[in-house]
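# Commentary on secondary and tertiary structure
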Amino acid sequence: MSKKVGITTTIPIEVVYAAGLRPVDLNNLFIAGEKPNEAVEKAEQAGYPRNICGWIKGLYTTLLESKEIEQVIAVTQGDCSNTHALMETWQAAGIEVIPFAFPYDGDYDLLKLQIEKLIKALHTDWDSVYLWKQKLDRIRQKAHQIDTWTWQKGSIDGKNNHQALVGCSDFDGNPDQYEAFLEHMLQAAIGQEQKGAVRLGYVGVPPISYDLYDYIENQGAQIVFNEVQRQFSMPFEVSDLVKQYQQYTYPYSIFHRLRDIEQEIERRNIAGIIHYTQSFCFRQIEDIILRQRLNVPILTLEGDRPGPIDARSRMRIDAFIDMLAY
C-alpha cells in the first residue's frame, strides 16, 4: 500500500499521486469519524482555545491519532489563517509538515512556483503530474455529470451531490474506487426525479453539522448548488494544470468566488442562498459582501461543533423556506 500523506484542504492533488503517495483529506477523515466531537474536545484538553474553529481542532486530533500518516501538506495561504499554528503544534508532535500557498491574487507565476516546490518536495516531475491530471480529469467528468443531474434533472439530491463533489479533494485515496462510487451514484439516479418546491444554493465551507442537508430537503426544498464542494471537483476544464488551480475559486478573494456564484444562481434558477459560516472563522466577515452583491435572499447559518443542527437554526430554515415558497 502507498504511503499516506495528509492534506488540510484541496491542493494540486495530481502531484501527490504522481509521487506514488496516497492523499488523505483530514477534513473528510475527521468528520466521517466515529466520534468527531470527541476529537474537538481532545484538542481543547491539549490546550486549543474554545474560540478556535472546530475544524482546526478536529484536524489536530485526527492527524495525531492516525497510525499511518506521518507527513502532511498544509495550506498556509488560501484557506484558514489558523493553519499556521496548527502546523506548529503538529511539528512539535513530530509530524513532518510541507507548506503550500495559493497566492492571494491568483498570480499564475507564483502559483506555478508553489506547485514546482511541491513537486520537488515530493520527488516527482511534471510529466508524471500531467499523466495523473489526465486520469483524474476523467473521474472528475463523472462528478460534473452528477452535479449537472442535480440541478437539471433533480435526480440526485443535495446531500449526494455534496458527497460526490467534496470527495474530489483526495478521491478517497483511491481514484479507481472513487470512480466506481461516482458511477454507482449515476446508475442509481437513472429514472429518478426529486424536485423540491424551492431551489436553494449552498455557499461556504462544507457544514460541520451532519444533518443539515437532510433537514433542508425534508422541508420541501432542494439544494441544487454546492459552491465550495463543486470547486473541489475542478469544474473549469483546462489542459494547463496551473491554470486549473488558478481558476479554482476557493483559495482566492471573495470576488473570485462571487463571479462564479452569480453565474450559477442564474444558470440554476436558484431562489435563495444558504450561507454557512463556521464559528470563529474569518470568512464570516465575507457575509457582508455576499449580501451586498447577490440579488437573492440569503440565510446565514453558523455552525460550531460536530452534531445535529440546533433548534434555532431549524426554525430559521423553516421560516426561510416558507418565505421563498410563498
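Residues numbered from 1 in each chain as written. Predicted model: local features only at pLDDT ≥ 70, side-chain atom pairs only at ≥ 80, totals over all residues. Heavy atoms only, no water.

## Considerations on the overall build of the protein
When you go through the protein residue by residue, the secondary structure sums to 15 helices and eight strands. Since a compact globule built from 326 residues should have a radius of gyration of about 20 Å, the 19 Å found for the protein is in line with a globular shape. For the protein, the C-alpha atoms occupy an extent of roughly 60 × 45 × 35 Å along the three principal directions. Relative to its 326 residues, the protein shows a buried fraction of 57%. Side-chain charges in the protein split into 33 positive and 44 negative, and the spacing between the mean points of these groups amounts to 1 Å. (Helix = DSSP H or I, 4+ residues; strand = E, 2+ residues; numbered from the N terminus. Rg over C-alpha atoms; globule rule 2.2 N^0.38 Å. Buried < 20%, exposed > 50% of the residue type's maximum accessible area, 1.4 Å probe, protein only. Lys, Arg positive; Asp, Glu negative; His and termini not counted. Charge placed at Lys NZ, Arg CZ, Asp CG, Glu CD.)

## Looking at the environment of His144
Along the chain, the position of His144 falls in helix H7 (residues 126-152). A sequence separation of 176 residues divides His144 from Phe320, and the C-alpha atoms of the two residues are 29 Å apart. The residues contacting His144, other than those within four sequence positions of it, are Ser233, Met234, Pro235 and Glu237. (Contact = heavy atoms within 4.5 Å.)

## Details of the sheet that holds strand E6 (residues 221-226)
The strand order E6-E5-E7-E8 describes an open sheet built from four strands, whose pairing is parallel. Unpaired on one side and paired on the other, E6 and strand E8 (298-303) mark the two borders of the sheet. The mean angle between the axes of side-by-side strands here comes to 30 degrees, regardless of whether they run parallel or antiparallel. Direction of pairing for strand E5 (residues 198-203) relative to strand E7 (residues 272-278): parallel, over a ladder of four bridges. Across the sheet, Val203 pairs through a bridge with His275, a residue of E7. On the sheet, helix H15 (residues 311-325) packs against E5, E6, E7 and E8 and is oriented at approximately 165 degrees with respect to E8. (Pairing = 2+ DSSP bridges. Axes fitted to C-alpha atoms, helices over the stretch in contact; angles between N-to-C directions.)

## Quick look at the packing of helix H8 (residues 158-166) against helix H9 (residues 175-189)
How two helices pack is summed up by the angle between their axes together with the distance between the axes. Interhelical geometry of H8 versus H9 gives an angle of 160 degrees and a closest axis separation of 11 Å. Judged by the inter-axis angle, H8 sits roughly antiparallel to H9. Handedness of the crossing formed by H8 with H9: left-handed. Of the residues in H9, those in contact with Asn160, Gln163, Ala164 and Leu165 of H8 are Tyr178, Phe181, Leu182 and Met185. Looking at the contact of H8 with H9, its residues break down into six nonpolar, two polar and no charged. (Parallel < 35°, antiparallel > 145°, perpendicular 65-115°, else oblique. Left-handed = near helix turned anticlockwise from the far one by under 90°. Nonpolar A, V, L, I, M, F, W, Y, C, P; charged D, E, K, R; others polar.)

## Points about the sheet that holds strand E3 (residues 69-77)
The four strands lie next to each other as E2-E1-E3-E4, forming an open sheet whose pairing is parallel. Each edge of the open sheet is held by one strand with a lone partner, namely strand E2 (22-25) and strand E4 (96-101). Here the average twist between neighbouring strands, direction ignored, is 30 degrees. Examined bridge by bridge, strand E1 (residues 4-7) and E2 share four bridges and lie parallel to one another. If you follow Val5 over to E2, its bridge partner there is Pro23. Set on the sheet, helix H6 (residues 108-121) makes contact with E3 and E4; between it and E4 the angle comes to about 160 degrees.

## Some points on helix H3 (residues 36-45)
Since the α-helix advances by 3.6 residues per turn, residues separated by three or four positions end up pointing in the same direction. Burial in H3 covers these residues: Pro36, Ala39, Val40 and Ala43. Buried residues of H3, viewed axially, fall in a sector of 100 degrees; they line one side. Along its buried surface, H3 packs onto helix H2 (26-31) and helix H4 (54-65). Backbone geometry just downstream of H3 places Gly47 in the positive-phi region, at approximately 120 degrees. (Arc of directions from axis to C-beta.)

## Considerations on the environment of Trp55
With respect to the helices and strands, the residue Trp55 is situated in helix H4. Sequence separation between Trp55 and Ser279 is 224 residues; the distance between their C-alpha atoms is 9.7 Å. The contact partners of Trp55, leaving out residues within four places of it in the chain, are Asn27, Phe30, Ile31, Pro206, Pro207, Ile208 and Gln278. Within the structure, the side chain of Trp55 is placed 3.4 Å from the side chain of Gln278, a separation counted as a polar contact. (Polar contact = N/O pair within 3.5 Å; in protein donor to acceptor, adjacent residues only side chain to side chain.)

## Regarding the nonpolar core
Membership of the largest hydrophobic core comes to 87 residues, with the highest contact counts inside it found for Ile11, Ile13, Ile73, Trp90, Leu200, Ile216 and Ile317. Among the elements that take part in this core, H7 stands out by supplying six residues, more than any other. In this structure, Ile317 is in contact with Leu212, Tyr215, Ile216, Leu299, Leu301 and Ile309, ignoring residues within four places of it in sequence. (Core = buried A, V, L, I, M, F, W, Y, C linked by side-chain atoms within 4.5 Å.)

## Here's the deal with the pairing of E6
Among the six residues that make up E6, six are buried, leaving the element largely enclosed by the rest of the structure. Note: E5 against E6, five bridges, orientation parallel. Residue pairing for E6: Leu200 is matched across the bridge by Ile223. Each parallel crossover has a hand, and the one from E5 via helix H10 (residues 212-218) to E6 is right-handed. (Right-handed = clockwise from strand over helix to strand, strands pointing away.)

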